[in-house]
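Letter by letter, the chains look like this.
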Amino acid sequence: MKSVNVYQTAIMLFIIVFANKILLLPSLLYRTASAESVFCYLIAFTLEILLLTLFIFLKRKYSTSFSSLIKAKLGKISMVVFYVLLMIFFFCKCVLIYNVTYIFFKDLIYKNSGSFLFIICFLPITNYLAFSSFRVLGRTCQIFFPIILVVLIFCTVTSLVGVNDIPLFFTTGAGDVFLATIKHISSFGDFVFLFVFMDKIEFKAGDGKKLYFFALIAILFVLTLAVAFYFSYTYTSFMHPYAIFETMGKVKDYGGLGRIDSVAVVLVIILTYLQMAIYLKSFVCCFCEVFPKLNSTYALISFDLTFLAVVYLLIRNLEKTVLYAESVLPYFSLISFFLVPLCAIIFLVAKDKKEGK
Amino acid sequence: MKKWFSHIFKVPMLLVLLFVVLIYGFPALGKDAEVDEFAIVTAIGLDRGENDEVDLSLLTFMPVAEQNFKENYKVVKASGKSVLEAMDYAGLYLGREIGLNHVKMVVINEDYFTENASVEMDYLVRDKSLALSTSIICTDAKASEFLDAVQKMDSSSSIKVDDIITFNNKYIYSTESTFESFYKGLYSKTKSSLVSFISLVDNADEGLTADSSGGQSQNGSQGGQSSGGSGQSQNGSQGGQPNGQSQSSKGGQKEQGEANKSSQNEEQSQNGEQSQNSSQGGGGGSQGGALINDGKSILCKNAQMVASLSNNDMKNINLASGAFKKGTIIIENFSDDVFKNARLTFDIQNISVRRKVQFKNGQPIVNLSLKLYVKLLEAKEEDLEIKENIDIKNISKKAIDALTEKVKSSIADGINLLREYRCDILKIYTLLNNSHPFETKKFMESLEDEGNFLSSVIFKVSPRIYSV
């Protein structure tokens, strides 16, 4: 697998920050944490940045892959268990991001179209990107990055123009804020994909700053959009499930498509393709580590079959997707926010001890 | 061909494309157009029916592909035990699915607001096809008759009835009235919201009129089938008031409102029979009438009407909130060096309201600082002779003082009205809580009746008037 430079990695990081956070999440958070939902973002993003910091430290100290590290330090079985869990994590995230986008489009545009049409649109392209080398994915993200950035700036500015109200603050306590964060923690923890591709990222001294910069800029965009959303809709925020689409001023005033809200649709389409591709690529990478004798074709076939079964049988509407996101996925976030950091800390500390001796 | 196949198999994405074309391309060619499946609804009317049923009226048109595109509107009425059931019946009558994506207006009879309107509105909100920016109108007439009148509006005049209240929030005399604004108020701490009220009166001298004469009467006899409506006339006496809005002096208006109401009651009894005959899928009635959007609104608490507010009441409330862009302030019997017993009409060019809160001995004091930029545009007195159009441009200090007093008293009236009905439309609670959360909590706990907190809040109004 060909490697990618740190700029492409930073772009992928930038793209993955938006996964699940600018459509459904703001309204779901508001149900529990009201206007204090912004603090949920801050808490979860702080954890994400800590995860990124661990990755940068680990990358500086080790040039091998994360799987080799686990194998060397904790044994092969631990590595297999670990990577199986990561596989499940990336699979679940992919299902979630697909469903949210699918329901978004079905609700707003393609009311009478079936899931099959969307699967035909999304799966082949994401499969292709996952099947190709990591560099192809990195370059694809790089090509789309200027478009994403321009559309994001446009959406953010438009959203801010629509702000005309002040929500009621301090109605929820710290307990509600933490409860909302835990319930929706599965929408975060995306930086863990960096660990999977640790050995495929060309990393020089000082490159960490680029990663921090891109991650923080993306976080700033997400926070600005969330704040604009809460200030635009205040008490009815929970009734608006598609945040970025609905914060566009014209949508709020007049409703319907055919105006500037279609700009947000473009952004959602591009982001969904690339985010799904990143998750799928991570899944394929984990699969190949767990089953070293099988190649990526098997990984993709396994993914597609399971994906179709889950999408068709389990998740068909917004309510079920929300239930899935709130009750099933948070457990898998333990992988990104507990297991991976724990391993990274162990490896960093172990190395330090060795150096001390 | 062999080369072509080998190329196809080298690029798997082309196979996918081929697959998509085969699966979707050919069936799409033989599929009916969506416009053949749906009846496009542009307005919904809700009335309370007999036996606790919902009487639903839909202003609908069936898109027909012809050389000239024509919107053939029809009011379809159906009853059901719930809105959804009535909607299904309406679909059955029409032989098409009901498409709500183009609904711009929901007309609800005031009977619903005497109890709890949110129950009936709930279905419309849960069904995601209705945008939350859809306007809500409360009316004293039957919603079905209201839609009948809407149907008769002449589309050639370019005035769309859907738009009647779209610009309400721009004027000082009225308020925004959408599902969004309604639910924002309902879900706020004090559960208070405003809904625009539009009367439907017969033979009115003002308002947006649906005349039953002309081509429309023919349509009426055809069971309500109309071709783009007809016979809209706008009363010339409105003197350029937008969207048929008219503002009359407070007393006069009240009298007129009473008169309209009594005449309308008589009409309602006639219309009642008529609509019964034409219900269950029948077309609209043949009555004309005028829709009067004079800024009147209803004040709701917990989605239940607690008061009916006149445009003057709305003016007083809006002055305190600053939530408008256009409006006038009139001073009667004003005298100074230039004028003698004159009526001065000031156009509000701009307004900014800053609200600050401070607590003194546990009691909140809200400082409302207004900056009002006005222009004197009309002056009327018996002996006033205007030689040049700049004669009344300069406003004396006395006029500014009179205007300041007028604004102060108007705001005081507005606040007293909200105190009386215990409705926090001005979002004072949000202001208190956001600026002083702990003091606000203490203050609220100290009150015997939290719902009446506005009475314990001191307001200090300091308007600054600028002549532009």
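Residues numbered from 1 in each chain as written. Chains lettered and ligands numbered in written order. Predicted model: local features only at pLDDT ≥ 70, side-chain atom pairs only at ≥ 80, totals over all residues.

When you go through chain A residue by residue, the secondary structure sums to 15 helices and zero strands. Computed over the C-alpha atoms, the radius of gyration of chain A is 20 Å, within 12% of the 21 Å expected from 2.2 N^0.38 for a compact globule of 357 residues. With the C-alpha coordinates aligned to their principal axes, the bounding extent of chain A is approximately 65 × 45 × 35 Å. Considering chain A as a whole, with its 357 residues, one finds that 49% of them fall into the buried category. Counted over contacts in chain A with a minimum sequence separation of 6, partners at least 24 positions apart contribute 85%. (Helix = DSSP H or I, 4+ residues; strand = E, 2+ residues; numbered from the N terminus. Rg over C-alpha atoms; globule rule 2.2 N^0.38 Å. Buried ≥ 20, exposed ≤ 12 C-beta atoms within 10 Å, placed from the backbone. Contact = placed C-beta atoms within 7 Å.)

Summing up its helical and strand segments, chain B has 14 helices and 17 strands in all. Here chain B holds 468 residues, and the buried ones make up 42% of them. Considering only contacts in chain B between residues 6 or more positions apart, those separated by 24 or more positions represent 75%.

All names here are of chain B. One ladder, built from five bridges, connects strand β14 (residues 328-334) with strand β15 (residues 342-360); its direction is antiparallel. Directly across from F334, in β15, lies its bridge partner A342. Across 17 bridges, the pairing between β15 and strand β16 (residues 363-380) is antiparallel. Following the sheet pairing, N350 is matched in β16 by Y373. (Pairing = 2+ DSSP bridges.)

In this structure, L13, I15, C94, V222 and F283 of chain A are the most contacted members of the largest nonpolar core, which totals 120 residues. With 19 residues, helix α5 (residues 76-108) of chain A is the largest single contributor of residues to this core. Setting aside residues no more than four positions away along its own chain, F283 of chain A makes contact with M87, F90, F91, C94, A299 and F303 of chain A. If you look at the next biggest cluster of nonpolar residues, it comprises 105 residues, including A43, V106, L132 and I172 of chain B. (Core = buried A, V, L, I, M, F, W, Y, C linked by C-beta atoms within 7 Å.)

With that settled, consider the packing of helix α6 (residues 115-131) of chain A against helix α14 (residues 296-313) of chain A. Residue and element names in this part refer to chain A. It is the contact of α6 with α14, at a shortest axis distance of 11 Å, that shows an interaxial angle of 155 degrees. Viewed along their axes, α6 and α14 adopt a mutual orientation that is roughly antiparallel. For the pair α6 and α14, the sense of crossing is right-handed. On α14, the residues that touch S115, I119, L123, N127, A130 and F131 of α6 are S296, L300, D304, L308, V311 and Y312. (Axes fitted to C-alpha atoms, helices over the stretch in contact; angles between N-to-C directions. Parallel < 35°, antiparallel > 145°, perpendicular 65-115°, else oblique. Left-handed = near helix turned anticlockwise from the far one by under 90°.)

Turning next to the environment of D107 of chain A. Mapping D107 of chain A onto the fold places it in helix α5. Taking the C-beta count within 10 Å as the criterion, D107 of chain A has 16 such neighbours and is therefore assigned partly exposed.

The next thing to look at is the confidence of the model for chain B. On average, residues of chain B score 77 in pLDDT, and 74% of them reach the 70 mark or higher. In the model, residues 212-286 of chain B has pLDDT below 50 throughout and makes 139 contacts with residues more than four positions away in sequence or in other chains. (pLDDT = per-residue confidence, 0-100.)

All names here are of chain B. Read from one edge of the open sheet, four strands run β14-β15-β16-β17, paired in mixed fashion. The open sheet is flanked by β14 and β17 (458-467), the only strands paired with a single partner. Neighbour-to-neighbour, the strand axes of this sheet turn through a mean angle of 35 degrees, independent of strand direction.

Turning next to the packing of helix α13 (residues 261-290) of chain A against α14 of chain A. All names here are of chain A. At a minimum axis distance of 9 Å, the contact between α13 and α14 shows a crossing angle of 120 degrees. Comparing the axis directions of α13 and α14 gives the class oblique. Once α13 is placed against α14, the crossing between them reads as right-handed. Here L280, F283, V284, F287 and C288 of α13 lie close against α14, whose contacting residues are S296, A299, L300, S302 and F303. Its residues placed into classes, the contact of α13 with α14 shows eight nonpolar, two polar and no charged. (Nonpolar A, V, L, I, M, F, W, Y, C, P; charged D, E, K, R; others polar.)

Residues and elements named next belong to chain B. Even without glycine at this site, N302 takes up a positive phi of about 55 degrees. With respect to the helices and strands, the residue N302 is situated in the loop between β12 (297-301) and β13 (304-309). With 13 C-beta atoms packed within 10 Å, N302 lands in the partly exposed category. In this model, N333 sits at a positive phi of 50 degrees, which is unusual for a non-glycine residue.

The next subject is helix α10 (residues 207-233) of chain A. For α10 of chain A, with 27 residues, the first-to-last C-alpha span of 40 Å sits near the 39 Å given by 1.5 Å per residue. Positioned one or two residues after α10 of chain A, T234 of chain A has a phi angle of 40 degrees, which is positive. (Expected span 1.5 Å × (residues − 1).)

Residue and element names in this part refer to chain A. For D176, the position within the fold is in helix α8 (residues 174-183). Judged by the 18 C-beta atoms lying within 10 Å of it, D176 falls in the partly exposed class. Sequence separation of D176 and K209 is 33 residues, and the distance between their C-alpha atoms is 34 Å. What D176 contacts, discounting residues up to four positions off in sequence, is T32 and A33.

Here we come to helix α4 (residues 66-74) of chain A. Residues and elements named next belong to chain A. Burial in α4 covers these residues: F66, S67, L69 and I70. An end-on view of α4 places all buried positions within 160 degrees of arc, on one side of the element. G75 sits one or two residues past α4 and shows a positive phi near 100 degrees. (Arc of directions from axis to C-beta.)

On to the environment of I298 of chain B, then. The topology assignment puts I298 of chain B in strand β12. Excluding its chain neighbours within four sequence positions, the residues that come into contact with I298 of chain B are F113, C138, V195, F197, M305 and S308 of chain B.

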